[in-house]
Amino acid sequence: MTVQITPQPGIMQIALYEGGASHVEGVTEVVKLSSNENPLGPSPRAVAAYEAAGTSLARYPSSDHAALREAIAATFGLDAGRIICGVGSDEIISFLTQAYAGPGDEVIHTEHGFAMYRISALAAGATPVEVPEAGRVTDVDAILAACTDRTRLVFVANPNNPTGTMIGADAFARLADGLPPRALLVLDGAYAEYVPGYDGGAALVEARENVVMTRTFSKIYGLGALRVGWGYGPRAVIDVLNRVRGPFNLSTSAQDAAAAAVRDTAYTDLCRAENAGWRDWLAAALDKVGVPSDPSHANFILARFRDRDEAEACDAFLKARGLIVRKVAGYKLPAALRITVGDETACRRVAEAVAAFRAGQEA
Ligand SMILES: *Cc1c(COP(=O)(O)O)cnc(C)c1O
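These figures come from a predicted structure and were not determined experimentally.

Enquirer: Help me understand the overall build of the protein chain, please; the structure alone is not making it clear to me.
Expert: Scanning the protein chain from N- to C-terminus turns up twelve helices and twelve strands. In summary, the protein chain has a C-alpha radius of gyration of 21 Å against a globular reference of 21 Å for 363 residues, a match within 12%. With the C-alpha coordinates of the protein chain rotated into their principal frame, the extents come out at 60 × 60 × 50 Å. In the protein chain, which comprises 363 residues, the proportion classed as buried is 52%. By sequence separation, contacts in the protein chain at least 24 residues apart represent 74% of the contacts at least 6 residues apart. Summed over its atoms, the accessible surface of the protein chain is roughly 16200 Å², and 53% of this surface lies on carbon and sulfur atoms. Computed over 34 positive and 42 negative side-chain charges, the inter-centroid distance for the protein chain is 2 Å.

Enquirer: Would you mind showing me how to read helix α3 (residues 88–100) here?
Expert: Given 3.6 residues per turn, any residue in an α-helix points the same way as the ones three and four places further on. Here α3 contains 13 residues, and its C-alpha end-to-end distance of 19 Å stays within 8% of the 18 Å for a straight helix at 1.5 Å per residue. Listing the buried residues of α3 in full gives Gly88, Ser89, Glu91, Ile92, Ile93, Phe95, Leu96 and Thr97.

Enquirer: Would you explain the packing of aromatic side chains in this entry?
Expert: Here the distance between the centres and the angle between the planes together describe a pair of aromatic rings. In this structure the tally under the stated criterion is nine aromatic pairs. Note on Phe114 and Tyr117: the rings are 5.7 Å apart at their centroids and 75 degrees apart in plane angle, and the pair reads as edge-to-face. The exposure class of Tyr117 is buried, given its relative accessible area of 1%. Geometrically, the ring pair formed by Tyr117 and Phe155 is stacked, given 4.7 Å between the ring centres and 5 degrees between the ring planes. Of this pair, Tyr117 sits in helix α4 (residues 115–123) while Phe155 is found in strand β5 (residues 151–157), placing the two residues 38 residues apart along the sequence. Summarising the burial analysis for this pair, Tyr117 and Phe155 share the class buried. Aromatic rings pair up to connect Phe114, Tyr117 and Phe155 into one cluster. Over the ring of Phe76 we find Arg215; its NZ or CZ atom is 4.8 Å from the centre of that ring. Stacked on the ring of Phe317, the Lys or Arg Arg321 has its end atom at 3.5 Å from the ring centre.

Enquirer: Explanation requested: the packing of α3 against α4 in the structure shown.
Expert: Two packed helices can be described by the angle between their axes and the distance between those axes. Between α3 and α4, whose axes approach to 9 Å, the crossing angle comes to 40 degrees. The orientation of α3 relative to α4 falls into the category oblique. In this structure, α3 meets α4 at a crossing whose hand is right-handed. In this structure, α3 uses Asp90, Ile93, Ser94 and Thr97 to contact α4, whose residues at the interface are Met116, Tyr117, Ser120 and Ala121. Looking at side-chain class alone, the contact of α3 with α4 contains four nonpolar, three polar and one charged residues.

Enquirer: I keep staring at the sheet that holds strand β11 (residues 326–327) and nothing clicks. Help me out?
Expert: Sheet strands line up and pair through hydrogen bonds in the backbone, either parallel or antiparallel. The sheet built from three strands is open, its strands ordered β9-β12-β11 with antiparallel pairing. The open sheet has two free edges, formed respectively by β9 (300–304) and β11, since each of these has just one partner strand. Across the sheet, helix α10 (residues 265–288) is in contact with β9 and β12 (336–340); its angle to β9 comes to roughly 10 degrees.

Enquirer: For this particular structure, what's the right way to read the site of the ligand?
Expert: Taken together, 14 residues lie around the ligand, and Ser89, Asp188, Thr216, Ser218 and Lys219 are the ones closest in. Interatomic distance of 3.0 Å between a backbone N/O atom of Asp90 and an oxygen atom of the ligand. Between the ligand and Thr216 there is a distance of 2.5 Å, counted from an oxygen atom to a side-chain nitrogen or oxygen. Protein chains shield 94% of the accessible area of the ligand, which is 390 Å² for the free molecule. Among the elements that line the shell around the ligand, the one with the most residues is α3, at three residues. Of the residues assigned to the shell around the ligand, the class counts are five nonpolar, five polar and four charged.

Enquirer: Help me understand the sheet that holds β5, please; the structure alone is not making it clear to me.
Expert: Overall, mixed pairing links the seven strands, which are arranged β2-β8-β7-β6-β5-β3-β4 in an open sheet. Two strands in the sheet have a free side with no partner beyond their single neighbour: β2 (83–86) and β4 (127–131). Averaged over all pairs of adjacent strands, the angle between their axes in this sheet comes to 20 degrees, without regard to strand direction. Of the pairings in the sheet, the one linking strand β7 (residues 211–216) to strand β8 (residues 229–232) comprises four bridges and is antiparallel in character. The residue of β8 that forms the bridge with Thr214 is Gly231. The sheet contacts of helix α2 (residues 66–76) involve β2, β7 and β8, and relative to β2 the element is tilted by about 125 degrees.

Enquirer: Quick question: what am I supposed to make of the domain arrangement of the protein chain here?
Expert: Many descriptions give the size of an interface as the accessible area lost when the pieces come together. Considered domain by domain, the protein chain is made up of domain 1 (11–41 + 266–362) and domain 2 (44–263). Summarising the inter-unit geometry, the C-alpha centres of domain 1 and domain 2 are found 25 Å apart. Each partner contributes to the interface: domain 1 provides 28 residues, whereas domain 2 provides 32 residues. It is Arg272, His297 and Tyr331 that lose the most area in domain 1 upon contact with domain 2, and together they represent 24% of the buried surface on that side. The interface formed by domain 1 and domain 2 includes two salt bridges. With its nearest N and O atoms 2.9 Å apart, the salt bridge here joins Lys332 to Glu130. For the side of domain 1 that touches domain 2, the secondary structure elements donating two or more residues are α10 and β9. A total of five residues in the side of domain 1 that touches domain 2 trace back to one element, the largest contributor, which is α10. Looking at the side of domain 1 that touches domain 2 residue by residue, the classes come out as 13 nonpolar, ten polar and five charged.

Rules used in this analysis
Residues numbered from 1 in each chain as written. Predicted model: local features only at pLDDT ≥ 70, side-chain atom pairs only at ≥ 80, totals over all residues. Heavy atoms only, no water. Helix = DSSP H or I, 4+ residues; strand = E, 2+ residues; numbered from the N terminus. Rg over C-alpha atoms; globule rule 2.2 N^0.38 Å. Buried < 20%, exposed > 50% of the residue type's maximum accessible area, 1.4 Å probe, protein only. Contact = heavy atoms within 4.5 Å. Areas by Shrake-Rupley, 256 points an atom, 1.4 Å probe, with all protein chains shown as cover. Lys, Arg positive; Asp, Glu negative; His and termini not counted. Charge placed at Lys NZ, Arg CZ, Asp CG, Glu CD. Expected span 1.5 Å × (residues − 1). Phe/Tyr/Trp six-rings, centres within 6.5 Å; stacked < 30°, edge-to-face > 60°. Lys NZ or Arg CZ within 6 Å of the ring centre and 35° of its normal. Axes fitted to C-alpha atoms, helices over the stretch in contact; angles between N-to-C directions. Parallel < 35°, antiparallel > 145°, perpendicular 65-115°, else oblique. Left-handed = near helix turned anticlockwise from the far one by under 90°. Nonpolar A, V, L, I, M, F, W, Y, C, P; charged D, E, K, R; others polar. Pairing = 2+ DSSP bridges. Near = heavy atom within 4 Å. Polar contact = N/O pair within 3.5 Å; in protein donor to acceptor, adjacent residues only side chain to side chain. Domains from an automatic or database assignment. Buried area = accessible area lost by both parts, 1.4 Å probe. Salt bridge = Lys/Arg side-chain N within 4 Å of Asp/Glu carboxyl O.

Below you can see the structure in the form of structure tokens.
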């Protein structure tokens, strides 16, 4: 017998995800600015909760995440019964595609949208559909025009990664109202906490039956290593997602640290303010040496160069100085580099290095 073991259709179309690099050969003082991590790290209360969980490692974790959902609900004024927690928001995205899209179904994402939307759609056997943006900004009309009776999910990050741009609540209400009856709108709020006063789309979730919001502890909460994310949606959708969720998907340390982090709103406020100050400073410093960026609402800026060659040359120049940023050609932005807003030292080093690079280009 000859074995014929082949994966499900779509799986081999998935390009392996490349995380942000973290070291450079021969350079010791490396600053990683390639994965949008919080340079201040997590709240000390989250670290204490993580350590305390070390005394109960023999016990299975909570399966219903009640304490974490309660902490999230109390902080944001939401209904804990409509929250689901996952192994990063990546897992919520994966639950959504698994539950709502399959062979023959279409999953919409935007031109420069987050890679996991396409990956999860393909993993579910569905067809990813890419919709153009309008000058690196989500285009609601283009999304509506791309909808068909096969559309099951529409993923939009707001603010978007890697562009840093965002659109208003009115635009999303119009999008939700214009979708075909079987399509679910997913608002990815991975960077929502960086936007003063923004609810990430929670109000729209409450006002509609076809909107889900995803959030993460990997960005402003500085807990990327723990892998915790959450979703907020209509009760019926959360009920569906809970059926595909593994009962013990989140460890006790992850649940406890995340609950402590989300309750420490003073620390979150501090991180938001620090980020905004250095982000705007860095954007202005780069702009001054001829490297523009769109106004960013997140914890990174998308620095635009004249062309792909210049972006790649600058990336190499920064790397040689121990500054690791993210190339985004895979996001259809070959002439740009995504630079995470680090702490003051990191931002000053990036600004000086880019200025030196540009001076070399002009010479
Ligand atoms: C970083 C990021 C996430 C978060 O993923 P996790 O799995 O929660 O770490 C989700 N969406 C976007 C757009 C992101 O940039």
